[in-house]
Amino acid sequence: MTNNKLLTLFIVNNYKDFLNEGQTIWYYMNMTAQEKESLYNLLKTVSSAIDGYTSVNFKNENPSFSDDIAISQQSVSSQQTVSNQTSAPSQTSSASFDISSKINSCTRCPLSKTTSAKAPGYGVSNPFVYVLLDSPNDEPMINELLTKMLSAISLSPKSNCYISTVVKCTTPNNREPNGEELAACLSFVDAEISMLKPKIIIAMGKVAAQTLLRTNLKITELRGEFTEYDKIPLMPTFHPKTLIVGPQFKGDAWADLKLVKAKLLELVPFYENTFKN
Ligand code: SF4
């Protein structure tokens, strides 16, 4: 185990009564080696003061720490192109920048001629969950409900998830993207998943679920149980737009989100502590 992980575990295990674990981990993942060393020395002093002796955890020489910049860089791609989306941290990884620039210059399908905005996706660069919707939109009601749904299971693009769409261009009158458009854009979705390596994918809505699962089954038939995409657990569920016009589906959507939460707790037991809205 690396010294970085050891220090995180030490903080969580020994100071969880009076440190905010989520904040600690979040800040820790964005710390320089010098900051970590300062924190380590502070904890050593606090530990000695509390216990009355130097804990075995601190008896050896100070570990050597490394900067977390590489793993903590956050990606933001779409804020400049789609309004009313949740803002996200400000750093952009080079891989994310590369995908974003390819999307911004893409003319692979006819949507490039009609789009009012291109949205390469937004969120953190090391997300636990990749959320896929149909096409970009700037409808406040949909984005508000999406935020509420994700917050209900301690997910946010500001801290631990990434939100994207099956097609990266807006569609005329917000219509569903067609097969040609979906096929043309799927490689960008694959590139994002490959870069982000999420633990779980949530496909929100018929278009996202059918595209990833290559099926024509209805979302009501697909939702409710995990399947896989590229060996990553995938939960199909309702698009927020469907829940606005069909509130009778809210119970099923909530059941799906609870399954996601349970699976995520299995895979990343501390994930809720990373939540920051
Ligand atoms: Fe390119 Fe995707 Fe936009 Fe089509 S929808 S032009 S494939 S970025």
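This text follows the structure it describes.
What counts, and at which threshold
- Residues numbered from 1 in each chain as written.
- Predicted model: local features only at pLDDT ≥ 70, side-chain atom pairs only at ≥ 80, totals over all residues.
- Heavy atoms only, no water.
- Near = heavy atom within 4 Å.
- 1 Å grid on protein atoms, 1.4 Å probe; cavity = no way out; pocket = protein on both sides within 12 Å on 5 of 7 lines; lining within 4 Å.
- Sits in = over half its atoms within 2 Å of the grid points.
- Helix = DSSP H or I, 4+ residues; strand = E, 2+ residues; numbered from the N terminus.
- Nonpolar A, V, L, I, M, F, W, Y, C, P; charged D, E, K, R; others polar.
- Phe/Tyr/Trp six-rings, centres within 6.5 Å; stacked < 30°, edge-to-face > 60°.
- Buried < 20%, exposed > 50% of the residue type's maximum accessible area, 1.4 Å probe, protein only.
- Lys NZ or Arg CZ within 6 Å of the ring centre and 35° of its normal.

A. How the structure looks around the site of the ligand. Neighbouring the ligand are the residues Cys106, Arg108, Cys109, Leu111, Ser112, Val167, Lys168, Cys169, Ala184, Cys185 and Phe188. The site holding the ligand turns out to be the second largest cavity. Within the residue set of the shell around the ligand, elements represented by two or more residues are α6 (111–114) and α8 (179–196). In the shell around the ligand, the residues fall into eight nonpolar, one polar and two charged.

B. Up close: the packing of aromatic side chains. Within the structure shown, the criterion is met by three aromatic pairs. Each ring, one from Phe128 and one from Phe270, has its centre 6.1 Å from the other, and the planes form 85 degrees; the classification is edge-to-face. Taken as a pair, Phe128 in the loop between β2 (122–124) and β3 (129–133) and Phe270 in the segment after α12 (250–267) lie far apart in primary sequence, 142 residues in all. With a relative accessible area of 14%, Phe128 lands in the buried category. What makes Phe270 partly exposed here is its relative accessible area of 37%. Their ring planes at 10 degrees and their centres at 6.1 Å tell us that Tyr130 and Tyr162 sit as a pair that is stacked. Taken as a pair, Tyr130 in strand β3 and Tyr162 in strand β4 (residues 161–165) lie far apart in primary sequence, 32 residues in all. Classification of Tyr130 as buried rests on a relative accessible area of 0%. A cation sits over an aromatic face here: Arg108 above Phe188, 4.3 Å from the ring centre. One residue, Lys263, lies across the ring of Phe226, its end atom 5.2 Å from the ring centre.

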